[in-house]
Amino acid sequence: MDRQRQTRCRSCLLGVAALVYAGTAGALELGDFFADTLAGDGWRAAGITMQVSLGNDGVFAAEIRASSISLQAPSIELRDVRASCPRLLASATALSCPSARVNLRGLPLDSPRFEASWSYNLVSGDMQFAANRVALAKGMLRVTGSVRAGGWQARIGARGLSIPELARAAAPFVELPVPAGFEGKLDADFALAGPDSLASAAGQAHVYALTGGNEEGTLASDQLQAKLTIKAARNASKWQIDAALEDTAGQVYFHPVFVDFSAHALAGEISLLATPDGDWPLTFRLQQSGIGSAAGTAMLAGQNLRPLELELQINEGLLPGAYEVYLQPFLVGTTADSLETVGRLEARIRYRDGALRQFQASLQDIHMDDTRGRFAMYGLEGNIDWGYDSAGDSQLSWQGGYIYNVGLGLARLALKTGGGEIALAEKARIPVLDGMLTVSEFRLTHLNAAINQLEFDADIDSIGLRALTRALGWSPFAGSLSGSIPRMRFADDVITVDGALTAQVFDGTVTIENLQVLDPLGVLPQAQADVRLRNLDLAAVTSTFSFGNMEGRLDGDFKKLRMLGFSPVEFDARLYTTPGDRSRHRISQKAIENISDLGGAGAAAVLSRGMLRFFDAFSYDQIGWSCRLRDEVCRMDGVAAAPGNGYYIVKGKGLPRINVIGFSRRVSWPLLVEKLRNINAEGVSRSP
Amino acid sequence: MKVSGYAAVAGGFLLAACVTINVYFPAAAAEQAADKIITDVLGAEPQAKRSQSGDTAALRQSVTGFAYAAGKGLLDLLVPPAHAQQADIDISSPGVRRIQASMKARNASLEPFYDNGAVGFTSDAMVAVRDLNAVALRDRNTVRQLVADENRDRDALYREIAVANGHPEWEDEIRATFARRWVAKARSGWFYQDDGGNWRQK
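Report on the accompanying structure. Remember, predicted model here, so these are calculated numbers, not experimental data. (Residues numbered from 1 in each chain as written. Chains lettered and ligands numbered in written order. Predicted model: local features only at pLDDT ≥ 70, side-chain atom pairs only at ≥ 80, totals over all residues.)

A word on the overall build of chain B
1) Next: Looking only at helices and strands, one finds 7 helices and 4 strands in chain B.
2) Next: N-terminal to C-terminal, the α/β element order of chain B is α-α-α-α-α-β-β-α-α-β-β.
3) Next: In chain B, which comprises 202 residues, the proportion classed as buried is 34%.
4) Next: For chain B, the share of sequence-separated contacts (at least 6 apart) that also reach a separation of at least 24 residues comes to 67%. (Helix = DSSP H or I, 4+ residues; strand = E, 2+ residues; numbered from the N terminus. Buried ≥ 20, exposed ≤ 12 C-beta atoms within 10 Å, placed from the backbone. Contact = placed C-beta atoms within 7 Å.)

This is the structure in structure tokens:
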């Protein structure tokens, strides 16, 4: 049927051509030819006139006009078509015009005029054509092509086309994926061919100076450029498309990712099979300088091109590039949003049915430093194997690190990772300062939920107080911390310790109850607790605290202790001689001086200076000091009321008896801390 | 007639104050505290502007001031002065000072984005990215980071003021007070959200 119509069309053209030939050859004078309509397969022309003239130089010239030419696919209605051919070459077999000027309306061209040439073989019906200097989208187009019995082919060369103008011009025929608000240029060279409709396309597109953005600011580019090499071939209704990307430069913001291609040039290849009804399988390979390389396969939904399945193999992820460009933007507002990183990783990601199914990664010598100084991790290595519905075995190790200023040593963790849970597979020993933290349980759950939960059980073994206090910015003192951290939970930015945290310090016990840490890695980490000191050996305390020697036993209570960072801002504290303590109660001269001094200007040591110089130490009955800290003011009291509205801090015993009586009820806490620090610093610098 | 009306109001207030003494929120003091912090964070306004509604504002201020003074007097009667002082809003706690300093340091980076409308004050006393297009591509994530950091500080600030004043339950009222005062202290040309969440330019 098609074949027949094509033949009919060809014979009707031939008929017109023969008339022209006969008329001009016979009389060598002007002849006008008319046709109401001419029609062929997929086209129809109306109001046709053809004027043929013979110039003085013996050259035929032709002027062909058509009031309209309609094409079916693509649907185009050309109007006022005029083709002037100043040199019409005719032979027994061919008719050609090597240089014509065409003028027409109905195409979205910048100018209705362009240059053209054609030749028509009267015997075979083959036709060749070229259109030159076609002004389109503020650029220039050149189209050449031929139509033969077996099909057609065309080459399109475009230079300096404005991309938004091109999208506008093409809109009636095809919707180009150009968002509004972008300016840019396109050079392209493509070869198209087909037996009837388009069956293959190959060529290169060079997009450059692409600048602009959408209204929401979520998509924007600045001087973006890229070269795309595309090869597409149709087999029945399926298109096999292979594309390669190279020569990228400029910048793009694809919310929330910003990529500077001038610094991180991207190259890649993609192959996809597009079917009109089914899903689209694709494979890809990407490489980006300073960031890494990846390859993978995916299945896109044919309807909306959303990924149904994705398998991504990151062969090389380079830090800091990969973190800065692709990770950090998604982490803004989280604890990990300001890291300095270095290292390398490999990863494998499997995504199916709207969820991440598997994540495997290998970390290689990764170092990360929180720029806010909250934590650091050095020499991180390991393998992570996480499954959506199966628990994998993962290993992590690090050479060292910090949490705030508390140093962590080399450690290895064996983890079970799967579903919504990460749990420790076996006990882990993490060196903390000069001691050891043995973690018996670590379970991070509800990973899929908005709020994660962490459960943690650990024992502390011999963490040196000198190192710990220094790390926390407290007055350094010696001793060591051992004890257990019972079931600790972390949820909604709050660490809660269910049980009591106990530690053996200075031959006594410290018990921390009702401990809560709010926003531990946040802006203002806070801790609340009730702390109980029982039966501390004062000799041990003071020998390391360089406060001056004291002997006896000490109890203490810090109720409603509230810490900001590592500094106490609120508490109701009381330190007092352990009730019923029968040990020797001695206090040195230096300690008395320091205690008196701490009392501030209002505190007075009621003692005899004359006698004092003969004794190094004195006996005491009780020591007691209380401080209610609010708004940086310490409201002080002692062990008992003393005459003159004072209070006993040290109540002496025996002879020579010495009492320290305080009179200041309100003392500036920062001043008090400063004095303590000075006393201690003095002591530390004095002791070897 | 008029006098008895005032008396009734005053009586009603005193009665209400008696009953709700523990949850009394010192609105005027909170407003002053907020202004003090905001002025410090934003720095001095290039040129002082007096709005036409200044007189009404002053009047309202003095009325709340009176109510506050009356409430405070009553508190002084009922509880020892040391406790009554807590009905004031104290913003000198180390936590508040620390956050305030952090916000003040950040303000120099944020200000250009308040000026060009990229970032505005929200109705819940936070900041939000309003117009990403006002920001160079390269700086868009910096702005998102600045906004996230500022909001973390602001959240912590409102909570800390409430906690440091011994009334964690005041957080919402403190936030609401700040929401109003940020807008009041915003410079001309800056953007803020009205109660309906629509952006408006001051």
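Quick word on helix α4 (residues 465-472) of chain A
Residues and elements named next belong to chain A.
1) Next: Among all positions of α4, only Leu465, Ala467 and Leu468 are buried. Mapping the buried residues of α4 onto a view down its axis gives an arc of 160 degrees, with all of them on the same face.
2) Next: Tucked into the core, α4 has its buried residues touching β30 (453-464) and β31 (480-491). (Arc of directions from axis to C-beta.)

Section: the nonpolar core
One broad rule of soluble globular proteins: the nonpolar side chains tend to lie buried together.
1) Next: Core analysis: the biggest nonpolar cluster contains 46 residues, and B:Val119 and B:Ile161 have the highest contact counts within it.
2) Next: At the level of secondary structure, the elements contributing two or more residues to this core comprise α2 (27-42), α5 (94-115), β1 (119-121), α6 (140-164), α7 (171-185) and β3 (191-193) of chain B.
3) Next: It is α6(B) that contributes the most residues to this core, 10 residues altogether.
4) Next: Excluding residues within four positions of it along the chain, B:Val119 makes contact with B:Leu110, B:Phe113, B:Tyr114, B:Val127, B:Ala128, B:Val129, B:Arg130, B:Val143 and B:Val147.
5) Next: By size, the runner-up hydrophobic cluster in this structure holds 38 residues, among which are A:Phe547, A:Leu554, A:Phe618 and A:Leu629. (Core = buried A, V, L, I, M, F, W, Y, C linked by C-beta atoms within 7 Å.)

Topic: helix α3 (residues 321-331) of chain A
1) Next: Among the residues making up α3(A), those that are buried are A:Ala322, A:Tyr323, A:Gln328 and A:Pro329.
2) Next: Tucked inside the fold, the buried residues of α3(A) contact β15 (257-260), β18 (292-300), β19 (307-319) and β20 (339-352) of chain A together with α6 of chain B.

Quick word on the interface of chain B and chain A
1) Next: At the junction of the two partners, chain B supplies 21 residues and chain A supplies 20 residues.
2) Next: At 9 residues, the largest contribution of residues to the side of chain B that touches chain A is made by α6(B).
3) Next: Its residues assigned to classes, the side of chain B that touches chain A shows 6 nonpolar, 6 polar and 9 charged. (Nonpolar A, V, L, I, M, F, W, Y, C, P; charged D, E, K, R; others polar.)

A word on the packing of α2(B) against α7(B)
Residue and element names in this part refer to chain B.
1) Next: Closest axis-to-axis distance for the α2/α7 pair is 9 Å, and the angle between their directions is 50 degrees. In terms of axis orientation, α2 runs oblique to α7. The hand of the α2/α7 crossing is right-handed. For the pair α2 and α7, the contacting residues are Ala27, Ala30, Glu31, Ala34, Asp35, Ile38, Thr39 and Leu42 in the first and Glu173, Ile174, Thr177, Phe178, Arg181, Trp182 and Lys185 in the second.
2) Next: The residue makeup of the contact of α2 with α7, split by class, is 8 nonpolar, 2 polar and 5 charged. (Axes fitted to C-alpha atoms, helices over the stretch in contact; angles between N-to-C directions. Parallel < 35°, antiparallel > 145°, perpendicular 65-115°, else oblique. Left-handed = near helix turned anticlockwise from the far one by under 90°.)

Considering the environment of A:Ile595
All names here are of chain A.
1) Next: With respect to the helices, strands and loops of the structure, Ile595 is situated in helix α6 (residues 589-598).
2) Next: Owing to 21 C-beta atoms within 10 Å, Ile595 belongs among the buried residues under this scheme.
3) Next: Between the alpha carbons of Ile595 and Ala640 there is a distance of 16 Å; along the sequence they are 45 residues apart.
4) Next: Among residues more than four places away in sequence, those in contact with Ile595 are Ile649, Val650 and Val660.

What about the environment of A:Trp669?
Residue and element names in this part refer to chain A.
1) Next: Structurally, the position occupied by Trp669 is in helix α8 (residues 669-686).
2) Next: Sequence separation between Trp669 and Gly125 is 544 residues; the distance between their C-alpha atoms is 104 Å.
3) Next: What Trp669 contacts, discounting residues up to four positions off in sequence, is Leu629, Glu632, Val633 and Cys634.

Describing the pairing of strand β37 (residues 553-564) of chain A
When a strand is regular, its side chains alternate between the sheet's two faces.
Residues and elements named next belong to chain A.
1) Next: Summarising the sheet, strand β35 (residues 526-537) and β37 pair through 9 bridges and their orientation is antiparallel. Bridge pairing links Asp537 to Arg553 in β37.
2) Next: Where β37 meets strand β38 (residues 567-577), 9 bridges bridge the pair, whose relative direction is antiparallel. Within the sheet, the bridge partner assigned to Leu554 lies in β38 and is Thr577. (Pairing = 2+ DSSP bridges.)

By themselves these figures say nothing about function.
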